[in-house]
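Read off the chains here:
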Amino acid sequence: MSQFDLTDDQKAIQEAARRFTAERITPFAAKWDEEHHYPKDVVQAAAALGFGAIYVSEESGGIGLGRLEAALIMEAMAHGCPSTSAFISIHNMAAWMIDCFGSAALKAKYLPGLVAMDLIASYCLTEPGSGSDAAALKTRAVRDGDHYVVTGSKAFISGGGVNDVYVTMVRTGGDGPKGISCLVIEKDMPGVSFGAPERKLGWRSQPTAQVNFDGVRVPVENLVGAEGQGFAIAMSGLDGGRLNIGACSLGGAQRALDEAIAYTRQRQQFGRAIADFQATQFTLADMATELAAARALLYQAAVKVSEGAPDKTMFAAMAKRLATDAGMAIVDRGLQLFGGYGYLMDFPMERLFRDLRVHQILEGTNQIMRVITARELLRASN
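A. How the structure looks around the packing of helix 7 (residues 230-266) against helix 10 (residues 349-357). Relative to each other, helix 7 and helix 10 sit at 160 degrees, their axes nearing to 10 Å. The angle between helix 7 and helix 10 falls in the class roughly antiparallel. Regarding helix 7 and helix 10, the two cross each other, and that crossing is left-handed. Every residue of helix 10 that contacts helix 7 at Cys248, Ser249, Gly252, Ala253, Arg255, Ala256 and Glu259 is listed here: Met349, Arg351, Leu352 and Leu356. For the contact of helix 7 with helix 10, the class distribution of residues is six nonpolar, two polar and three charged.

If you want it as structure tokens, here you go:
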């Protein structure tokens, strides 16, 4: 990326994602939402474009792109369906963690299937009793010969019950972050079970469920990184995950703006199109301005994460907070411009409203994003 524009390669990647979205996602997203349908075939079709392993290295079979390119892809797909785009984002985060921190044997075992999305991965950090306080997790893994025996539960897991692989944070040591390790656990390992599908406000095109581990024997070779490294791995994954969720908000917000412009041009009240009224024009102008500002910060943060900049975590947190808050506000105003029609499922506004709301919660709540930002600011000033 140049200072103010995308490169030709980045524009080509963006256009490929937009074409895929227009053909395979946008025409069907409302039906998926209404029927709570998980479009596994479409998710797997994304892998043919490399979208199952966007920043997995080329040596491991991925397409080895940076975090900005990943954000462009997620933003484009979210224009059609934020829920489906976010689901693919989570798989990418889990695959990258294995590629970046896993042993050669672990990468050989799982990455070929993950890259092709013959295997689809979930990320398991949150528990019923530990959300924002992630380092307080209780799921325990006890070494027993050449296995770990895992007991505990994970909550709000995207793909829970349908995905094949669960990249799971477990406690192998004492309290706190240094006692946490990361294991790859398979769906069919004895002792793995799932709760009922969660009944959600949004994100209805992807299943979410609790994941339970009851004495699950996991081979030691499925350890990602070293014992005690799991929390650091989880947090490094979240830098990119926050960018992707922010990008999903940008895509949903752009769709809301596009729909609002089209609707207000054709909707007639008081003998003229409502787009002719200054109040409508001001609303559209504010929506566009806030979207552009959020996008600029998110793209900057993506470059910092790709380059390993010292302030990458702070910028990822700031960008996630701004993009998801702005995205929700933009969709809310777009829905208002639709009036009563915006509240109906015949139009995409209410689905965008429901899908984007959770972005302010997951991958770290926006309150935690402020905690991270303030912590980094104060640390830098010492």
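B. Representation of the layout of surface pockets. Of the pockets and cavities examined, the largest pocket occupies roughly 1100 Å³. Every residue lining the largest pocket is counted, 39 residues in all, and those nearest its centre are Thr126, Ile361, Leu362, Glu363 and Gly364. Those elements giving two or more residues to the lining of the largest pocket turn out to be helix 5 (82-101), strand 3 (147-158), helix 7, helix 10 and helix 11 (366-380). Considering every element that reaches the lining of the largest pocket, the biggest residue donor is helix 7, with six residues. Its residues assigned to classes, the lining of the largest pocket comprises 20 nonpolar, ten polar and nine charged.

C. Local environment of the pattern of salt bridges. Using the criterion set out here, one finds 16 salt bridges in the structure. For Lys31, the salt bridge is made with Glu35, and the minimal N-O distance between the two is 2.7 Å. Of the two residues, Lys31 and Glu35 are both situated in helix 2 (residues 29-35); the distance of four residues between them amounts to about one turn of the helix. Since its relative accessible area comes to 47%, Glu35 is described here as partly exposed. Among the salt bridges present, the one from Asp144 reaches Arg217, with a minimum N-O distance of 2.9 Å. Of the two residues, Asp144 is situated in strand 2 (residues 140-144) and Arg217 in strand 7 (residues 208-219); the sequence distance between them amounts to 73 residues. We classify Arg217 as partly exposed; its relative accessible area is 39%. The network of salt bridges with shared partners includes Asp33, Glu350 and Arg354.

D. Looking closely at the packing of aromatic side chains. For the coordinates displayed, the defined rule picks out eleven aromatic pairs. Look at Trp96 and Phe101: their rings are 5.7 Å apart centre to centre, the planes differ by 85 degrees, and that puts the pair in the edge-to-face class. Between Phe338 and Phe347, the aromatic rings sit 5.6 Å apart at their centres with planes inclined by 65 degrees, giving edge-to-face as the arrangement. On the accessibility criterion, Phe347 (27% relative accessible area) is partly exposed. A connected cluster of aromatic rings, assembled from ring pairs, spans Tyr263, Phe338, Tyr341 and Phe347. Here Lys304 stacks its cationic end above the ring of Phe315, 4.6 Å away from the centre of that ring.

E. Focus on the packing of helix 8 (residues 278-307) against helix 9 (residues 312-338). At a minimum axis distance of 8 Å, the contact between helix 8 and helix 9 shows a crossing angle of 160 degrees. By the angle between their axes, helix 8 is roughly antiparallel relative to helix 9. The interaxial crossing formed by helix 8 with helix 9 has left-handed handedness. Looking at the contact of helix 8 with helix 9 residue by residue, the classes come out as 18 nonpolar, four polar and five charged.

F. Main features of the environment of Ala104. Tracing the chain through its elements places Ala104 in helix 6 (residues 104-116). Take Ala104: its relative accessible area is 63%, and that puts it in the exposed class. Separated by 44 residues in sequence, Ala104 and Ser60 have C-alpha atoms that sit 9.7 Å apart.

G. Main features of the nonpolar core. Core analysis: the largest hydrophobic core is formed by 89 residues, its most contacted members being Met77, Met97, Tyr123, Met169, Leu243 and Leu298. At twelve residues, the largest contribution of residues to this core is made by helix 7. The contacts of Met169, once residues within four sequence positions are left out, are Met97, Tyr123, Cys124, Leu125, Leu137, Thr139, Lys154, Ile180, Ser181, Cys182, Gly230 and Ala234. In terms of nonpolar packing, the next biggest core, distinct from the first, is built from 16 residues, Leu183, Val211, Phe213 and Val218 among them.

H. Geometry of the side chain of Ser60. Inspection of the secondary structure assignment puts Ser60 in the loop between helix 3 (40-47) and helix 4 (67-80). Among the polar contacts made by the side chain of Ser60, one reaches the side chain of Asp99 at a distance of 2.6 Å. Setting aside its immediate chain neighbours within four residues, Ser60 contacts Asp99, Lys107, Leu111 and Val115.

The rules behind these values
Residues numbered from 1 in each chain as written. Predicted model: local features only at pLDDT ≥ 70, side-chain atom pairs only at ≥ 80, totals over all residues. Heavy atoms only, no water. Axes fitted to C-alpha atoms, helices over the stretch in contact; angles between N-to-C directions. Helix = DSSP H or I, 4+ residues; strand = E, 2+ residues; numbered from the N terminus. Parallel < 35°, antiparallel > 145°, perpendicular 65-115°, else oblique. Left-handed = near helix turned anticlockwise from the far one by under 90°. Contact = heavy atoms within 4.5 Å. Nonpolar A, V, L, I, M, F, W, Y, C, P; charged D, E, K, R; others polar. 1 Å grid on protein atoms, 1.4 Å probe; cavity = no way out; pocket = protein on both sides within 12 Å on 5 of 7 lines; lining within 4 Å. Points joined across faces, edges and corners; volume = space filled by probe spheres on them. Salt bridge = Lys/Arg side-chain N within 4 Å of Asp/Glu carboxyl O. Buried < 20%, exposed > 50% of the residue type's maximum accessible area, 1.4 Å probe, protein only. Phe/Tyr/Trp six-rings, centres within 6.5 Å; stacked < 30°, edge-to-face > 60°. Lys NZ or Arg CZ within 6 Å of the ring centre and 35° of its normal. Core = buried A, V, L, I, M, F, W, Y, C linked by side-chain atoms within 4.5 Å. Polar contact = N/O pair within 3.5 Å; in protein donor to acceptor, adjacent residues only side chain to side chain.

Everything listed here is a matter of geometry and, on its own, says nothing about what the molecule does.
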